[in-house]
Amino acid sequence: MRIVAGSAKGTRLAAVPSGTRPLADRAREGLFSSLGGVVAGARVLDLYAGTGAVGIEALSRGAVEAVFVDEAPAAVRAVGENLRRARLVDRGTVLRRAVPQALRSDIGPFDLVFLDPPYAIDPADVEAVLSEIAAHGLCAPGALVILTRERKNPTPVIPLHWALDRRLSYGGAVVLVFRTYEANAQGRPGGVMGRTALCPGTFDPVTNGHLDIVRRASAVFDTLVVAVLENPAKAPLFSVQERVEMLREAVAGIPNVEVAHFRGLLVDFARARGAPAIVKGLRAVTDFDYELQMAQMNHHMSGIETLFMPTNPQWSYLSSSLVKEISRFGGDVDGFVPGFVAARLRERLVSEG
Ligand code: PNS
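All of these numbers come straight from a predicted model, not from anything done at the bench.

> Break down the site of the ligand for me, with residues and values.
By nearness alone, every residue bordering the ligand is listed as Pro200, Gly201, Thr202, Leu229, Leu265, Leu266, Met294, Met297 and Asn298. Counting only elements with at least two residues in the shell around the ligand, the list comes to strand 8 (196–201) and helix 9 (285–302). Top contributing element to the shell around the ligand by residue count: helix 9, with three residues. Split by residue class, the shell around the ligand holds six nonpolar, three polar and no charged.

And the structure:
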């Protein structure tokens, strides 16, 4: 058995402790390529760790930490040895504990939880472990729980707030990938209520079309963060501070809306804010191709969902670029942006000459 990819690629793993049944290299490779970008930066829990191959594969591919749980002394030794071979000792913690007991300890939250229990385990015990994982707050918002079972085992009943995201087959094994959702403050299961969503954009400057989406999205989510892209490669008309200032003024009356700015990848900002969803307005089908591509890429990288909200038809032909162009040639943009934004546009474009 070898580590398939990443910093420890090719590391040969120590012999498998007797009684464990590690996922074959090929299956591990398939599973990790299906998980894609969610592994980098993730906190990982590897239950029934055996050799630790799965958690070490995750570390090798950029996971920030992994906690390995196994009650067999031989497995604990094997994981320790394998972490040393992979030069990943500083990012791994090995707990010699029975899984149910480990789940009640003060660990987590995790972004990825792998469990590969012995095939002989009673299906009811697997279900009990899944509900313990759900009950003990071990999962960060949107975390994935990845269960390996023998094909002939029944599919377990899954906790209320989870959904089956993917089912992968490798010979006699099936790998079930569950996505977890938190209950909201009222104890209602997942869904969009009770959550933070991001409404990202360049907002150069904010228009009434943007504000229509922000208002309506703020009625659906508990908190909406308007996320302004600070893109050093572009030369916007307004600096990021100015764009944030105008947005803050425009949303001042909506108590659950915040305005923030970010650099780099939107999914990293969403993770940092604990936001499992992005809301985007769609003006017309012309927006759709690119928005769909971004939504799918963001989901692939992080599991973050994008929800599209149709723009009010009143604003379907409105864009920040058109507003700037009209303003630049002396046209009236008062109906398209808040009054103070129109004034700022006039000021800026006059001073630009
Ligand atoms: O208002 P815009 O210009 O249509 O907004 C586009 C924005 C900011 C949402 C998009 O460009 C973005 O998310 N940029 C951040 C960089 C990023 O994550 N790129 C990968 C997208 S799949």
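> Just give me the short version of the sheet that holds strand 11 (residues 277–282), but keep the residues and values in it.
Taken in spatial order, the five strands line up as 10-9-8-11-12 in an open sheet, and their pairing is parallel. Each of the sheet's edge strands pairs with one partner strand only, and the pair in question is strand 10 (257–262) and strand 12 (305–310). Recorded for the sheet is a direction-independent mean angle of 30° between the axes of neighbouring strands. Bridging between strand 8 and strand 11 involves two bridges; their strand directions are parallel. Counted as the bridge partner of Leu198 is Ile278 from strand 11. Contacts from helix 6 (residues 208–218) reach strand 8, strand 9 (223–229), strand 10, strand 11 and strand 12 within the one sheet, and its direction differs from that of strand 8 by about 175°.

> Tell me about the sheet that holds strand 7 (residues 173–180), and name the residues and values.
Strand order in the open sheet formed by seven strands is 3-2-1-4-5-7-6, with mixed pairing between adjacent strands. The open sheet has two edge strands with one neighbour each: strand 3 (92–96) and strand 6 (162–170). Averaged over all neighbouring strand pairs, the angle between strand axes comes to 15°, with direction disregarded. In the sheet, strand 4 (residues 110–115) pairs with strand 5 (residues 139–150) via five bridges, with the strands oriented parallel. Its bridge partner lying in strand 5, Phe114 is registered against Ile146.

> Can you lay out the environment of Asn298 for me, pointing to particular residues and giving the numbers?
Residue placement: Asn298 occurs in helix 9. Along the primary structure Asn298 and Pro310 are separated by 12 residues, whereas in three dimensions their C-alpha atoms are 20 Å apart.

> I'd like a rundown of the domain arrangement of the protein, residues and numbers included.
Structurally, the protein comprises domain 1 (25–180) and domain 2 (196–352). Distance from the C-alpha centre of domain 1 to the C-alpha centre of domain 2: 38 Å. In this complex, domain 1 contributes seven residues to the contact, which on the side of domain 2 involves seven residues. Among the elements that line the side of domain 1 that touches domain 2, the one with the most residues is strand 5, at three residues. Tallied by class, residues from the side of domain 1 that touches domain 2 come to three nonpolar, three polar and one charged.

> Would you mind going over the pairing of strand 4 in detail, with residue names and values included?
Extensive coverage of strand 4 is indicated by the burial of six of its six residues. Where strand 1 (residues 43–47) and strand 4 come together, four bridges link them in parallel fashion. Counterpart to Leu47 in the pairing with strand 4 is Leu115. Since strand 4 and strand 5 lie parallel, the crossover through helix 5 (residues 123–135) that links them has a hand, and here it is right-handed.

Calculation rules
Residues numbered from 1 in each chain as written. Predicted model: local features only at pLDDT ≥ 70, side-chain atom pairs only at ≥ 80, totals over all residues. Near = placed C-beta within 6 Å. Helix = DSSP H or I, 4+ residues; strand = E, 2+ residues; numbered from the N terminus. Nonpolar A, V, L, I, M, F, W, Y, C, P; charged D, E, K, R; others polar. Pairing = 2+ DSSP bridges. Axes fitted to C-alpha atoms, helices over the stretch in contact; angles between N-to-C directions. Contact = placed C-beta atoms within 7 Å. Domains from an automatic or database assignment. Buried ≥ 20, exposed ≤ 12 C-beta atoms within 10 Å, placed from the backbone. Right-handed = clockwise from strand over helix to strand, strands pointing away.

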